[in-house]
Structure formats: structure tokens, C-alpha cells
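Secondary and tertiary structure notes
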2 protein chains.
Amino acid sequence: MKFRRSGRLVDMTNYMLHHPHSLVPLTFFSEKYKSAKSSISEDLTIIKETFEQHGIGTLLTVPGAAGGVKFIPQVEANEALQFIDELCELMAKPERLLPGGYLYLTDILGNPSIVNKLGRLFATVFSNRKIDVVMTVATKGIPLAYAVAGQLGVPVVMVRKDSKVTEGSTVSINYVSGSSKRIQTMLLAKRSLKEGSNVLIIDDFMKAGGTINGMISLLEEFKANVAGIGVLVETEGVEERLVDEYVSLVKLTDVDTREKHIQVMAGTYLQFVKDKEIGED
Amino acid sequence: MKFRRSGRLVDMTNYMLHHPHSLVPLTFFSEKYKSAKSSISEDLTIIKETFEQHGIGTLLTVPGAAGGVKFIPQVEANEALQFIDELCELMAKPERLLPGGYLYLTDILGNPSIVNKLGRLFATVFSNRKIDVVMTVATKGIPLAYAVAGQLGVPVVMVRKDSKVTEGSTVSINYVSGSSKRIQTMLLAKRSLKEGSNVLIIDDFMKAGGTINGMISLLEEFKANVAGIGVLVETEGVEERLVDEYVSLVKLTDVDTREKHIQVMAGTYLQFVKDKEIGED
């Protein structure tokens, strides 16, 4: 009996981790393990306590006939703060400087373990919002968008700046790139987004916000709603920011290509998590 | 004491799942939980047995002073077969047909839960090979490449077909697209790949294999080795295939745009897993 509980705990932990934000009926587990619902409830209490104790997240219990249990990934504010500090340090290395004041971030965004952690951070801050889908624009934001979507248990839609024959009919808009002031085009496959969807916009970099503003215009074409905006890096010192409310992890406050100096500080993230409570969405 | 084991099992399961193919010393856990190594060993035995019983994977024990335990994700052949059958059915829907005989796959590749499962399948078939990095070409292969890399515990490098200013100096090659016979260019940031790396190539679609052949040429420029090739969909009926050994999940055997008929069958995957054993890499 002791072994059976042990085995259940391991398998249930695996299952819950792979199904975030999904309501799992208790009968699913009691049938899977041929165990009484009361035993399953005790197992879930142990998992919930361990998840909370080790900063993994929590389990929400939804009572009633249509009820069950839901895993909500949560990174604690302290751990987030520490991780953002590490990110700032990682990004401030002078060898990241590229011609034009750009930063080399390929190694950071190419590391699935860092990207998954970034995904957990964004999933934490947006865990209370109603989100049906995560949207990003090709190419660099894609891994981050998938990491966030994976932790929220929703799909991803990808906006493109070039038309591809392999997606069928598309809706396109023109937008003004905030920093270069050039007119550009972005498009989204018609059948990739349902009308009325609640959309979380995720991107790697925000300067003046032109690209994100473009995505917001595109959402209007689809009669979809902006559920939130999250970016990895924002830059400071842009005259008119086109986007108001957004969550950023880090803020680039100064890039001096002559002196090879980069200054990075924490973004708006911690303001958003400070007073947040875990609740039902 | 019973509760402490329960809590450890939940937290250790979470830790191992998030660190695939990484050697974790037993002291890491015994210090984390202030428990005897013998108790940790017993915990690991329970986790290993449960992982194997439920088709999650296995734990490899590496003995000695520099030893520890390593989680190897493994999808059982039966489960893989069933999933590939489901994929075939999903892909054969006539409404996927696009002009030019292309298939709409955006919904499949936009679903993190499907993509993660695809990642586990490829991580299973390549689990015995020495892999340092996963390579893909923008854009559609990116989510799949990250899913595979995440399960193998290695980074991703992204080849591009357009030059981006934000990655610094690049190495570029020309290649001939196998199906259209046009000459094209692909490039990779110089600092994104170390000489001598063992590289797993992952892509969503392979027709004649021109793009994958291009990636192989690019690897030669970096003095890197091809550790394996994995594609989600291959097409049949191409006169000369440019790539020999590859793992495909499904094979498109017939696309009839007039009759709106798509025929899909299992790819080469099952041949590769049939006689495979789990071992040290």
C-alpha cells in the first residue's frame, strides 16, 4: 500500500506538470489507479503542499460534480527576482554588443532550460487572466511564446512579416515600425485565430512598441481581445511608447557602443507580481 | 517520515523531469532534503519503476564518485505507434489541402502539447547518440526543435534564410532547393555553433531534402558532425532523395488536389525504435 501511494505520487506529479491550467477530474486518477477518491484526495494534498513548499506552483481544487484539480505553475517573487538579476548580469556582458547597438541574445533564447524558466515567469504573472491563445511574431519570439503557452496550456499563433504559401488565406495589416518609422506589413493565417479569442502577446524585444502595436491592430481585424502583453527585453529612452500596459522582465537602460558598455535593470515584472493572488481564471 | 518520503518523491520527480539527460549526483538530493543517501537511493528506485511502468522514461544510475542518476525520456514503441496513427488521421483531413498541394499544419505545430509529445518521440529515438545541439531552419521547425532539445537537455541553433542584423557575423552557404531546383542561401551566426559539435537536425517537412542538405553543408563549414536527422513529415515520390538516413514520423504518399484526397502513412520512425535499447550516451 505504501508503495502504491509512492507510485501514484510520482505518476500524478508527472501528469499534473504536463497538464497545467487543465481541470482534471478526480475520477480520472481514481480509475487510472483503481484507488478510492479519498486516497486520491490525500495524494493531491501531498502534491499541493510539496509544490507550494518548493516553489513549483499550486493545485487548485474545484468542488462539485464538474470539479477536479488544476495545476497552476507559480514562480515565487523571490525566485523571480533572483532569476531576473541573473538575466541582467548575463545580458550586460560587453561581448553581446553588435553593430547598431543591438544585443546578441541567441545563446539565451537558444537555451531551452532558460526559455522554459522565462515561460514559467510569464505564466505566473498572467495566471489569473482569461487566455485562449498566445500570439507572437516570427522569428525570435517563437521559443518564448511556446514556453509561455506550454505553461498556460493554450496554443500559439504566429504572425509573419513575409507571406508564406503554405498557410492558406491570410489577413494582413500595415503598421509603422516605431523606431525606424518605416511602413511594414504583418499577416496572420485566417483560420489560425477564432473570433473573440483572448490573446496574450509575447515577444522578445520591444523598442518603441511598433511591432506589438501592429499585433494589436491585427487582433482588431480578428475581433479578438488583448489579454496581456509580455516582453523579455524593453529599451528605455524611447520618446513615445506606443504600448501602455506590458510586462517586461528586463529593461535596457543604456547601450554605449563606443565604450562597449551595456546597462540592464529589472523590468516591470515585479510590480505585477507583488500584489497578485492565486485564483481561479 | 512517511510524509517526508512523499514530499521528496514529488519534488524529485519534478526535478528529474526538468533535467533530462543531465547527471544529477545523489549528494545533490541528500543535501537538499537532509536525508541519507540510502533513502535517496530508495526514492530513486521508486521513481525509476514508476517512470518505466507508466511509459515516462527511465533513470540510469552511473556508479562511482563522479556518478549519479540521469533521466532518459522514453516513449514506448506501442504508444509511439498509436500517436503516429493519430497524427496520420489528423493530417489526412481534406480541409488541410492548400493551393499547390501544400498542407495546413499550423494548428498541429501550434499546439504545445502535441509538439512536446513529438519532441519526446524524437528524444527517444536519438537518446543513444551523442548530441550537443539541435539545429533547425526558421520558421516552422522551431517549436519542434525546441521540444526535442528540451527533452535532450541541449541548446538549439537556428539557421536563417534571411540575414538579420542582430546576430553579428554569419557563415552562409548556397544550396539548391531539391524540389524547385532554385539556388538559395542559408546562414548561421558564427558564434552560435562550436567547432566539432555533434548536431541533430530537426525540421517539419522534407520533400527532396534540399534544405536539410543545405544544413549539412553548413555544418561542414563549422567542422561540426551530423548526429542525426529527424523530420515530422516526409513526402514520397521524389525522384532523387538528397538525404539518406533520416527519421520521419509520417509520410505523405499521395496528395490529390482535384479529388481533395490526402494519403498519409507512418514514416521511418518505427524501424529505428524497434531494436533500440536504452543505454548510456
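Because the structure is predicted, anything quoted here is derived from the model rather than measured.

Side-chain positions along a regular strand alternate between the two faces of the sheet. All names here are of chain B. Burial analysis of strand β10 (residues 247–256) places 7 of its 10 residues in the buried class, which makes it a mostly covered element. Of the pairings in the sheet, the one linking β10 to strand β11 (residues 261–266) comprises 6 bridges and is antiparallel in character. Residue pairing in the sheet places Val250 in a bridge with Ala266 of β11. With antiparallel pairing between neighbouring strands as the criterion, β10 and β11 make up a hairpin whose turn holds 4 residues, including Lys260 at a positive phi of roughly 50°.

Right, let's talk about the nonpolar core for a bit. Within the largest apolar cluster, 94 residues are counted, with the highest numbers of intra-cluster contacts made by Leu249 of chain A together with Leu249 of chain B. Core analysis: the second largest hydrophobic core is formed by 38 residues, Leu9, Leu26, Ile47 and Val69 of chain A among them.

All names here are of chain B. With antiparallel pairing, the 3 strands of this open sheet are ordered in space as β1-β3-β2. Sheet topology places β1 (23–24) and β2 (57–62) at the edges, where each strand pairs with a single neighbour. Here 2 bridges tie β1 to strand β3 (residues 68–73), and the two strands are oriented antiparallel to one another. Looking across to β3, one finds that Leu23 is bridged to Lys70.

Residues and elements named next belong to chain A. Here helix α2 (residues 26–33) crosses helix α3 (residues 37–53) at 110°, and the two axes come no closer than 9 Å. In terms of orientation, α2 lies roughly perpendicular with respect to α3. Crossing of α2 over α3 shows right-handed handedness. Counting all contacts with α2, which are made through Leu26, Thr27, Phe29, Ser30 and Tyr33, the residues of α3 involved are Lys37, Ile40, Ser41 and Leu44. Tallied by class, the residues present in the contact of α2 with α3 amount to 5 nonpolar, 3 polar and 1 charged.

Between chain A and chain B, the contact holds 54 residues from the first and 54 residues from the second. Together, the buried faces of chain A and chain B total about 4,400 Å²; carbon and sulfur atoms form 67% of this surface. Run the count over chain A and chain B and you get 0 salt bridges. The interface formed by chain A and chain B includes 10 residue pairs in polar contact (both at pLDDT 80 or more). With 12 residues, the top contributor of residues to the side of chain A that touches chain B is helix α1 (residues 2–18) of chain A. Residue composition of the side of chain A that touches chain B, by class: 29 nonpolar, 14 polar and 11 charged.

Looking now at the sheet that holds β10 of chain B. Strands in a sheet are paired, the pairing made by backbone hydrogen bonds, and the direction either parallel or antiparallel. All names here are of chain B. Pairing within the open sheet is mixed, and its 6 strands lie in the order β5-β4-β8-β9-β10-β11. Two strands lie at the open edges of the sheet, namely β5 (156–159) and β11, each paired on one side alone. Within this sheet the neighbouring strands show an average axis-to-axis angle of 25°, counted without direction. With 5 bridges joining them, strand β9 (residues 225–235) and β10 adopt parallel strand pairing. Within β10, the position partnered with Thr235 by the bridge is Leu252. Here helix α7 (residues 142–152) sits on the sheet in contact with β4 (133–137), β5, β8 (198–206) and β9, set at roughly 145° to β8.

The second copy of the chain is related to the first by a rotation about an axis and a shift along the axis. For these two chains of identical sequence, chain A goes onto chain B by a turn of 180° and a shift of 0.0 Å along the axis, with RMSD 0.0 Å. Both chain copies can therefore be described as sitting about a two-fold axis. An overlap of 100% is found between the interface residues of chain A and their copies at the interface of chain B, pointing to a shared contact surface.

Quick look at unusual backbone geometry now. Residues and elements named next belong to chain A. The amide bond that connects Ala138 to the next residue, Thr139, takes the cis arrangement and shows omega of 10°. Within the element layout of this structure, Thr139 appears in the loop between β6 (133–137) and α7 (142–152). With a phi close to 50°, Lys223 is a non-glycine residue in the positive phi region.

The rules behind the values
Residues numbered from 1 in each chain as written. Chains lettered and ligands numbered in written order. Predicted model: local features only at pLDDT ≥ 70, side-chain atom pairs only at ≥ 80, totals over all residues. Heavy atoms only, no water. Buried < 20%, exposed > 50% of the residue type's maximum accessible area, 1.4 Å probe, protein only. Helix = DSSP H or I, 4+ residues; strand = E, 2+ residues; numbered from the N terminus. Pairing = 2+ DSSP bridges. Core = buried A, V, L, I, M, F, W, Y, C linked by side-chain atoms within 4.5 Å. Axes fitted to C-alpha atoms, helices over the stretch in contact; angles between N-to-C directions. Parallel < 35°, antiparallel > 145°, perpendicular 65-115°, else oblique. Left-handed = near helix turned anticlockwise from the far one by under 90°. Contact = heavy atoms within 4.5 Å. Nonpolar A, V, L, I, M, F, W, Y, C, P; charged D, E, K, R; others polar. Buried area = accessible area lost by both parts, 1.4 Å probe. Salt bridge = Lys/Arg side-chain N within 4 Å of Asp/Glu carboxyl O. Polar contact = N/O pair within 3.5 Å; in protein donor to acceptor, adjacent residues only side chain to side chain. Least-squares fit on C-alpha atoms with pLDDT ≥ 70 in both.

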